[in-house]
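Here are the chains, one letter per residue:
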Amino acid sequence: MKKVILTGDRPTGKLHLGHYVGSLLNRVLLQDTYTQFVMIADVQALTDNFEHPQKIIENVYEVARDYLSVGLDPQKTTFFIQSQIPEITELTLYYLNLVTLGRLERNPTVKTEIHQKKYEDSIPAGFFCYPVNQAADITIFKADLVPVGQDQVPMIEQTNEIVRKFNRIYDTTCLKEAKVLLGDTSRLVGIDGKSKASKSLGNALFLSDTPEEIKHKVFAMFTDPMHIRLSDPGHVEGNVVFTYLDAFYKDKEELAALKAHYERGGLGDTTLKNLLNETLQNLLAPFREKRESFQTKDLKEILFSGTTQARKVAQETMREVREAIGLNYF
Ligand code: TRP
């Protein structure tokens, strides 16, 4: 029996290079050896976009296109839309009984998001509880492994606490704990160098960017403000161009030599930006080509058949969950 991967993304916008190094690349590499489910988390996305469902709905197809463009293969990976599996919502409600408000408050990712969204004074309850919904996503598929970025680690910890509590209280083994798999670069910084790459901050390089957009963003990257003349010694630390070269440039030996040269002085930002531009153009060109090979009707078919398949698995776990609690009346 193959082990199971479950992971997903909120469809709030196009996916970017941060998603790629944080999680997508791992999914592509593992799709041959695992039974892999990849979820478009529209229900979770609504928790902080409930007033703008149209934005979420439009992006479901964008995200699906991003998945296919990087080489996730519908023959190997099952794609599905979260809202179309109501069993996940049902399981969420049973899990909510096992979680305290205090525990929800301590989730560091949620804490940061509450602050960013200025929710401090009045936190929507659905948003506050989304980690519990995420625990249902993961466990309804009995996932062994969850490839995600660093910010998702607290969610998997909370998931495993719920699993242990559920299995103990209802004296069952039907739920399974999951492990996190972090990408090599688990938190890619934005082109401004200030915070992590994010669609909402407008500092990300998207998988679907045009060659012009890629070049423009590379040349707008924050480098070292003290590196004024070519001969000045430069800083590698905090220099976004080097951060991206670390993540995407294959020849690590040459990269180490470039860093040493930059620190000595005599290596210009333009040379490095040209190198990074070329590296990213080469990475993204095949993605662009693949993306264009799918039509909307292909996406619809892939998502429909994936969702149908995934729902069967979810229904089977829910049968076991109801039985464990004792809700199997008939
Ligand atoms: N919280 C994830 C994000 O913001 C998306 C997500 C929802 C997810 N459910 C999941 C990730 C289950 C991994 C497993 O990107």
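Preceding block: the structure.
What you see is a predicted model; the values in this text were computed from it and never measured.

Peer 1: Sorry, what's going on with the overall build of the protein chain here?
Peer 2: The helix and strand inventory of the protein chain stands at 14 helices and five strands. By the compact-globule yardstick of 20 Å for 330 residues, the protein chain fits well, its C-alpha radius of gyration being 22 Å. Projecting the C-alpha coordinates of the protein chain onto the three principal axes gives extents of approximately 80 × 45 × 40 Å. Sorting the 330 residues of the protein chain into buried and exposed places 53% on the buried side. Within the protein chain, counting contacts between residues at least 6 apart in sequence, those at least 24 apart form 78% of the total. Of the roughly 16,400 Å² of accessible surface on the protein chain, a fraction of 54% belongs to carbon and sulfur atoms.

Peer 1: Mind showing me how you'd approach the nonpolar core here?
Peer 2: Soluble, globular proteins show a tendency: their nonpolar side chains are buried together. In this structure, Leu17, Tyr244, Phe248 and Leu280 are the most contacted members of the largest nonpolar core, which totals 52 residues. Shared between two domains, this core takes at least three residues from each, and those domains are domain 1 (4-188 + 296-325) and domain 2 (211-290). Residues Phe80, Ile88, Ala136 and Ile140 belong to the second largest nonpolar core, which totals 41 residues.

Peer 1: Is there a simple way to explain the packing of helix α3 (residues 53-69) against helix α13 (residues 269-292) in this structure?
Peer 2: Running from N to C, α3 and α13 cross one another at 125°; their axes reach a closest spacing of 8 Å. By the angle between their axes, α3 is oblique relative to α13. For the element pair α3 and α13, the recorded crossing hand is right-handed. Contact residues: Glu62, Arg65, Asp66, Leu68 and Ser69 in α3; Phe287, Lys290 and Arg291 in α13. Looking at the contact of α3 with α13 residue by residue, the classes come out as two nonpolar, one polar and five charged.

Peer 1: Help me understand the packing of helix α8 (residues 130-140) against helix α9 (residues 153-169), please; the structure alone is not making it clear to me.
Peer 2: Packed helix pairs are characterised by how far apart their axes lie and by the angle those axes make with each other. Between α8 and α9, whose axes approach to 9 Å, the crossing angle comes to 70°. Here α9 runs roughly perpendicular to α8, going by the angle between their axes. Here Tyr130, Pro131, Val132, Gln134, Ala135, Ile138 and Thr139 of α8 come into contact with α9, specifically with Met155, Ile156, Gln158, Thr159, Ile162 and Val163. In terms of residue class, the contact of α8 with α9 is built from nine nonpolar, four polar and no charged.

Peer 1: So what exactly am I meant to see when it comes to the pairing of strand β1 (residues 4-9) here?
Peer 2: Put simply, side chains in a regular strand alternate between the two faces of the sheet. With five of six residues buried, β1 is to be regarded as a mostly interior element. Where β1 lies against strand β2 (residues 35-40), six bridges are found, and the strand directions are parallel. Bridge assignment links Thr7 to a residue of β2, and that residue is Val38. Handedness of the crossover joining β1 and β2 through helix α1 (residues 17-30): right-handed.

Peer 1: Can you help me understand the side chain of Arg103 in this one?
Peer 2: On the secondary structure map, Arg103 appears in helix α5 (residues 101-105). Setting aside chain neighbours within four positions, we find Arg103 in contact with Gln158 and Glu161.

Peer 1: Can you help me understand the site of the ligand in this one?
Peer 2: Around the ligand, a shell composed of 13 residues is seen, among which Met39, Gln44, Gln134, Asp137 and Gln152 lie nearest. Residue Asp137 places a side-chain N or O atom 2.8 Å away from a nitrogen atom belonging to the ligand. The contact in question runs from a nitrogen atom of the ligand to an N or O atom on the side chain of Gln152, over 2.8 Å. Out of a free accessible area of 370 Å², the ligand has 90% covered by protein chains. Listing elements by their share of the shell around the ligand, those giving two or more residues are β1, α8 and β4 (145-148). Across the shell around the ligand, the residue classes tally to six nonpolar, five polar and two charged.

Peer 1: Teacher, can you tell me more about unusual backbone geometry here?
Peer 2: Trans peptide bonds make up most of the peptide bonds, and negative phi angles are found at most residues other than glycine. Located in the positive-phi region is Lys118, a residue other than glycine, with phi close to 55°. Within the secondary structure layout, Lys118 lies in the loop between α6 (108-116) and α7 (125-128). Judged by relative accessible area, Lys118 falls into the exposed class, the value being 69%. Notably, Lys142 is not glycine yet its phi reads approximately 50°, a positive angle. Mapping Lys142 onto the fold places it in the loop between α8 and β4.

Peer 1: Before we go on, may I ask you to explain helix α12 (residues 252-264) in this structure?
Peer 2: The periodicity of an α-helix, 3.6 residues per turn, causes residues three or four positions apart to be oriented the same way. The terminal C-alpha atoms of α12 lie 18 Å apart, and with 13 residues this matches the ideal 18 Å at 1.5 Å per residue to within 8%. Of the positions making up α12, those classed as buried are Leu255, Leu258 and Tyr262. Axial view of α12: buried residues confined to an arc of 60°, hence all on one face. For α12, exposure combined with an orientation more than 90 degrees from the buried face picks out Glu253 and Arg264.

Calculation rules
Residues numbered from 1 in each chain as written. Predicted model: local features only at pLDDT ≥ 70, side-chain atom pairs only at ≥ 80, totals over all residues. Heavy atoms only, no water. Helix = DSSP H or I, 4+ residues; strand = E, 2+ residues; numbered from the N terminus. Rg over C-alpha atoms; globule rule 2.2 N^0.38 Å. Buried < 20%, exposed > 50% of the residue type's maximum accessible area, 1.4 Å probe, protein only. Contact = heavy atoms within 4.5 Å. Areas by Shrake-Rupley, 256 points an atom, 1.4 Å probe, with all protein chains shown as cover. Core = buried A, V, L, I, M, F, W, Y, C linked by side-chain atoms within 4.5 Å. Domains from an automatic or database assignment. Axes fitted to C-alpha atoms, helices over the stretch in contact; angles between N-to-C directions. Parallel < 35°, antiparallel > 145°, perpendicular 65-115°, else oblique. Left-handed = near helix turned anticlockwise from the far one by under 90°. Nonpolar A, V, L, I, M, F, W, Y, C, P; charged D, E, K, R; others polar. Pairing = 2+ DSSP bridges. Right-handed = clockwise from strand over helix to strand, strands pointing away. Near = heavy atom within 4 Å. Polar contact = N/O pair within 3.5 Å; in protein donor to acceptor, adjacent residues only side chain to side chain. Expected span 1.5 Å × (residues − 1). Arc of directions from axis to C-beta.

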